[in-house]
Amino acid sequence: MFTIFQDMAATARLFPIVREARRSGACECLVQPVFPVKERLNRGASWYDTMEGCLLAYNADTERQVHAVFLTFPPELREKLACSPERPGEWAERLRFWTAALKPALPADTYLDAVLQFSAWYRHCIYLRHCSAARET
């Protein structure tokens with residue numbers, strides 16, 4: 001809990017900063033509280049940060065197996081998968097990546113289920129981006 005003395009000490013530390021800002025031409029100074037935030041551990045993005053994780057969330061068996069494959073990726077790759085592709089060619093590249101990663105690790109039916117869901121969702125995302133681009137013009 002702050003006491004009057006802590007407030008006075010904080011004001012004394014801020015006074016030279018405010019004077020310098022006024023000399024530089026500032027009209028007003030705004031004081032906002034700042035809270036320290038713990039640094040994020042570099043574990044990479046979580047499974048549900050990716051669109052694939054959210055897409056498979058309602059298919060428990062497939063989701064569990066694909067999630068196990070996702071956990072084998074390095075943190076840098078997980079971070080990259082948390083961002084959606086920007087250009088149309090990157091969607092196909094992402095699908096090729098997932099097919100290469102999942103085919104040796106999953107049974108055929110689970111692999112096919114995951115890849116079909118991914119490809120249908122990627123097609124839907126490309127369609128939505130195309131529609132929004134057409135509306136903007």
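Being a predicted model, the structure only gives us computed values, none of them experimental.

Peer 1: With reference to specific residues and values, describe the overall build of the protein.
Peer 2: Along the backbone of the protein there are 6 helices and 0 strands. Secondary structure elements of the protein occur, N-terminal to C-terminal, as α-α-α-α-α-α. Each principal axis of the C-alpha atoms in the protein carries an extent, and together these give about 70 × 45 × 25 Å. Within the protein, the proportion of its 137 residues that are buried is 23%. Counting only contacts in the protein whose residues sit at least 6 apart along the sequence, the fraction spanning at least 24 positions is 61%. Carbon and sulfur atoms form 62% of the exposed surface of the protein, whose accessible area is close to 10,500 Å². Charged side chains in the protein number 17 positive and 16 negative. The centres of these two groups are separated by 4 Å.

Peer 1: Tell me about the packing of helix α3 (residues 60-70) against helix α6 (residues 108-136), and name the residues and values.
Peer 2: Close contact between α3 and α6 brings their axes to 10 Å; oriented N to C, the two are set at 90°. Classified by the angle their axes make, α3 and α6 are roughly perpendicular. Contact with α3, carried on its side by Thr-62, Gln-65 and Val-66, involves Thr-110, Asp-113, Ala-114 and Phe-118 of α6 and no other residues of that element. Classifying every residue of the contact of α3 with α6 by side-chain character gives 3 nonpolar, 3 polar and 1 charged.

Peer 1: I'd like a rundown of helix α1 (residues 4-23), residues and numbers included.
Peer 2: For α1, built from 20 residues, the straight-helix expectation of 28 Å at 1.5 Å per residue is met to within 8% by its first-to-last C-alpha distance of 28 Å. Maximum bend of α1: about 30°, positioned at Leu-14, with proline Pro-16 one to four residues after it.

Peer 1: I'd like a description of the confidence of the model for the protein, backed by residues and values.
Peer 2: Across the protein, pLDDT averages 86, with 92% of residues at or above 70. Taken element by element, the protein is modelled with least confidence in α1, mean pLDDT 84, and with most confidence in α3, mean pLDDT 94.

Peer 1: Tell me about the packing of aromatic side chains, and please be specific about residues and values.
Peer 2: Following the criterion strictly, the structure yields 9 aromatic pairs and no others. A ring pair is formed by Trp-47 and Trp-98, whose centres lie 6.3 Å apart and whose planes are at 75°; its orientation type is edge-to-face. Pair noted here: Trp-47 is in the loop between α1 and α2 (51-55) and Trp-98 is in helix α5 (residues 88-102), with a separation of 51 residues, a long-range link. Taken individually, Trp-47 and Trp-98 each receive the classification buried, so the pair is uniform in this respect. Taking NZ or CZ as reference, Arg-78 lies 5.7 Å from the ring centre of Phe-70, over its face.

Peer 1: So what's going on with a nonpolar patch on the surface? Residues and values would help.
Peer 2: Residues Leu-14, Ile-17, Val-18 and Val-31 make up a contiguous nonpolar surface patch of roughly 350 Å² in combined accessible area. Along the chain, Leu-14 falls in helix α1.

Peer 1: Tell me what's going on with the side chain of Gln-65, and back it up with residues and numbers.
Peer 2: With respect to the element layout, Gln-65 can be found in helix α3. A distance of 3.2 Å separates a polar atom in the side chain of Gln-65 from a polar atom in the side chain of Asp-61. Apart from the residues within four sequence positions on either side, Gln-65 is in contact with Leu-106, Pro-107 and Thr-110.

Reading the values: rules and limits
- Residues numbered from 1 in each chain as written.
- Predicted model: local features only at pLDDT ≥ 70, side-chain atom pairs only at ≥ 80, totals over all residues.
- Heavy atoms only, no water.
- Helix = DSSP H or I, 4+ residues; strand = E, 2+ residues; numbered from the N terminus.
- Buried < 20%, exposed > 50% of the residue type's maximum accessible area, 1.4 Å probe, protein only.
- Contact = heavy atoms within 4.5 Å.
- Areas by Shrake-Rupley, 256 points an atom, 1.4 Å probe, with all protein chains shown as cover.
- Lys, Arg positive; Asp, Glu negative; His and termini not counted.
- Charge placed at Lys NZ, Arg CZ, Asp CG, Glu CD.
- Axes fitted to C-alpha atoms, helices over the stretch in contact; angles between N-to-C directions.
- Parallel < 35°, antiparallel > 145°, perpendicular 65-115°, else oblique.
- Nonpolar A, V, L, I, M, F, W, Y, C, P; charged D, E, K, R; others polar.
- Expected span 1.5 Å × (residues − 1).
- Bend = angle between axes of the 7 residues up to and from the residue.
- pLDDT = per-residue confidence, 0-100.
- Phe/Tyr/Trp six-rings, centres within 6.5 Å; stacked < 30°, edge-to-face > 60°.
- Lys NZ or Arg CZ within 6 Å of the ring centre and 35° of its normal.
- Patch = residues over 30% accessible without salt bridge, like charges linked within 9 Å, V, L, I, M, F, W, Y side chains within 5 Å.
- Salt bridge = Lys/Arg side-chain N within 4 Å of Asp/Glu carboxyl O.
- Polar contact = N/O pair within 3.5 Å; in protein donor to acceptor, adjacent residues only side chain to side chain.

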